Amino acid sequence: MRKVIPFNENWSFRKEDTGLPLTLPADWETVTLPHTWNAVDGQDGKGSYYRGACWYAKEFPTPSGLCDSRLYVEVLAASLSGRVFVNGKEAAYHEGGFSSFTADITDYLHPEGSGKANLIAIAADNSDRPHIYPRMADFTFYGGLYRGVNLIVVPRVHFDLEYWGAPGLSVTSQPDGESAFLKLQSWVKNADADYTVCYTITDAQGKKTAECWRPAENPGTSVFLPKAHLWQGVEDPYLYTLVSTVVADGRELDSFTCKTGIRTAVFDADRGFLLNGGTVKIKGMCVHHDCGLTGAVGYRESWERRLKELKDMGCNGIRCSHNPPAPVLLDLCDELGFLVMDEAFDEWLLAKNKTDNYYSESLAYGSSMFFTN
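Parameters at a glance
- Residues numbered from 1 in each chain as written.
- Predicted model: local features only at pLDDT ≥ 70, side-chain atom pairs only at ≥ 80, totals over all residues.
- Heavy atoms only, no water.
- Helix = DSSP H or I, 4+ residues; strand = E, 2+ residues; numbered from the N terminus.
- Buried < 20%, exposed > 50% of the residue type's maximum accessible area, 1.4 Å probe, protein only.
- Contact = heavy atoms within 4.5 Å.
- Areas by Shrake-Rupley, 256 points an atom, 1.4 Å probe, with all protein chains shown as cover.
- Pairing = 2+ DSSP bridges.
- Axes fitted to C-alpha atoms, helices over the stretch in contact; angles between N-to-C directions.
- Polar contact = N/O pair within 3.5 Å; in protein donor to acceptor, adjacent residues only side chain to side chain.
- Salt bridge = Lys/Arg side-chain N within 4 Å of Asp/Glu carboxyl O.

Draft legend 1. Main features of the overall build of the protein chain. From N to C terminus, the protein chain includes two helices and 27 strands. Counting only residues that meet the buried cut, the protein chain has 49% of its 373 residues in that class. Pairs at least 24 residues apart make up 65% of the contacts formed inside the protein chain by residues separated by at least 6 positions. As presented, the protein chain carries roughly 18600 Å² of accessible surface, and 51% of it is formed by carbon and sulfur atoms.

In structure tokens, the structure reads:
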């Protein structure tokens with residue numbers, strides 16, 4: 001079965017572009033993730049803080065019993081880009097300092113029992129790159145592994161951890177009066193044998209509410225909830241628990257758990273914003289990804305405190321400006337009842353250029369270089 005291992009303690013760190021280390025450096029600083037090197041000197045985008053490549057390194061043993069499993073590294077954010085090496089070989093490269101990425105590193109590991117420790121090295125780079133990010137912005141481009149790292153051990157047949165950066169699952173709710181449907185899609189990797197996926201839904205008290213199965217040949221299915229408890233924002237942020245499990249030959253192979261709320265959200269020209277068919281006035285705040293004195297490092301406790309203070313002020317909506325937020329923030333918004341505008345970018349074909357009339361009048365380089373639709 002799946003095992004998620006927090007991988008945040010005792011990293012070696014160097015605030016300069018040393019190049020790829022092939023052994024664990026003895027003279028580097030020891031840090032704990034999440035970490036940013038700009039927590040002290042961030043200057044709200046004024047350009048007076050360090051921007052460049054810095055390196056993190058750590059040794060770890062090859063997990064036991066990995067012969068029929070796969071080992072992934074999950075980097076929750078590497079700003080503004082991350083390059084991952086295992087035992088001197090590049091395992092992953094990711095552009096975009098506000099989104100997570102995973103990489104299968106199984107084939108880069110030393111054999112179990114060899115007595116050799118594996119060395120993982122990650123270059124996080126927040127260099128000034130005007131062709132990707134504007135030189136001047138209304139927020140600091142913090143550098144570092146500022147949302148932490150996990151190791152994930154999964155069976156050879158598992159939910160696809162690299163499918164659109166998600167855990168291989170899509171959930172869409174469709175309320176219908178007092179009942180509701182949950183539309184479910186999942187993607188399984190290395191499935192060269194017959195399998196099924198079992199979905200089990202429990203309510204907030206842990207009572208099983210519904211269950212359904214899907215065959216290997218059809219990634220999509222739906223499950224019916226006869227008496228659905230809707231998610232009603234700050235008034236009643238009710239969440240169900242969904243457990244998804246890959247089963248083959250009577251054995252449970254891979255499984256993961258997530259929370260989901262049942263709701264519809266519609267913008268209507270005459271009635272405004274409708275949550276589950278009822279008009280709701282959104283009283284929102286624009287929230288950047290940084291967390292004050294800790295820079296871009298945002299712990300669950302600090303985000304929870306901020307959201308509860310906003311809720312006490314009467315806030316019921318969050319605009320995540322201007323990039324994908326930390327997953328823990330989205331989880332807390334679900335739990336506390338906040339509506340969320342989850343932005344991907346703050347520019348597209350017309351990119352920011354604060355040194356030239358703020359927005360360039362001609363086509364500028366930006367996010368559209370990577371996503372055209």
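Next comes the rest of the description.
Draft legend 2. Region of the structure containing the sheet that holds strand β24 (residues 317-320). If you walk across this open sheet you meet the three strands as β23-β24-β25, and the pairing is parallel. Lying at the two open borders of the sheet, with one neighbouring strand each, are β23 (284-287) and β25 (339-342). When strand polarity is set aside, the average angle formed by the axes of neighbouring strands in this sheet is 20 degrees. Pairing between β23 and β24: four bridges, direction parallel. Counted as the bridge partner of M285 is I318 from β24. The sheet contacts of helix α1 (residues 300-312) involve β23 and β24, and relative to β23 the element is tilted by about 150 degrees.

Draft legend 3. Structural context of the side chain of S321. Tracing the backbone through its elements, the reader meets S321 in the loop between β24 and α2 (327-336). At a separation of 3.4 Å, a polar atom in the side chain of S321 contacts the side chain of H288. Beyond its immediate stretch of four places on either side in the chain, S321 contacts C286, V287, H288, H289 and E343.

Draft legend 4. Inspection of the pattern of salt bridges at higher detail. Scanning all chains against the criterion turns up 12 salt bridges. For the salt bridge of R70 with D107, the shortest nitrogen-to-oxygen distance reads 3.3 Å. In this pair, R70 is assigned in strand β5 (residues 69-75) and D107 in the loop between β8 (101-104) and β9 (118-125), connecting sequence segments 37 residues apart. The partner of E343 in a salt bridge is R319, and the shortest N-O contact between them spans 2.7 Å. Residue E343 is located in the loop between β25 and β26 (352-353), and its partner R319 is located in strand β24; the two are separated by 24 residues in the primary sequence. Exposure remark for R319: the relative accessible area of 31% places this residue in the partly exposed category. Taken together, the shared-partner salt bridges connect R70, D104 and D107 into one network.

Draft legend 5. Broad picture of the pairing of strand β20 (residues 265-268). Here β20 runs beside strand β21 (residues 272-275); their pairing, made up of four bridges, is antiparallel. Looking at the pairing, F267 lines up with F273 of β21.

Draft legend 6. Just the environment of W213, in detail. Relative to the assigned elements, W213 resides in strand β16 (residues 208-215). On a C-alpha basis, the gap between W213 and C198 in space is 4.5 Å, while along the polypeptide they are 15 residues apart. Ignoring sequence-local partners within four residues, the contact set of W213 consists of T196, V197, C198, T221 and V247.

Draft legend 7. Quick look at the sheet that holds β20. Read from one edge of the open sheet, three strands run β20-β21-β22, paired in antiparallel fashion. Strands at the two margins of the open sheet, each flanked by one partner only, are β20 and β22 (278-279). Where β21 and β22 come together, two bridges link them in antiparallel fashion. Its bridge partner being in β22, L274 is matched across the sheet by T279.

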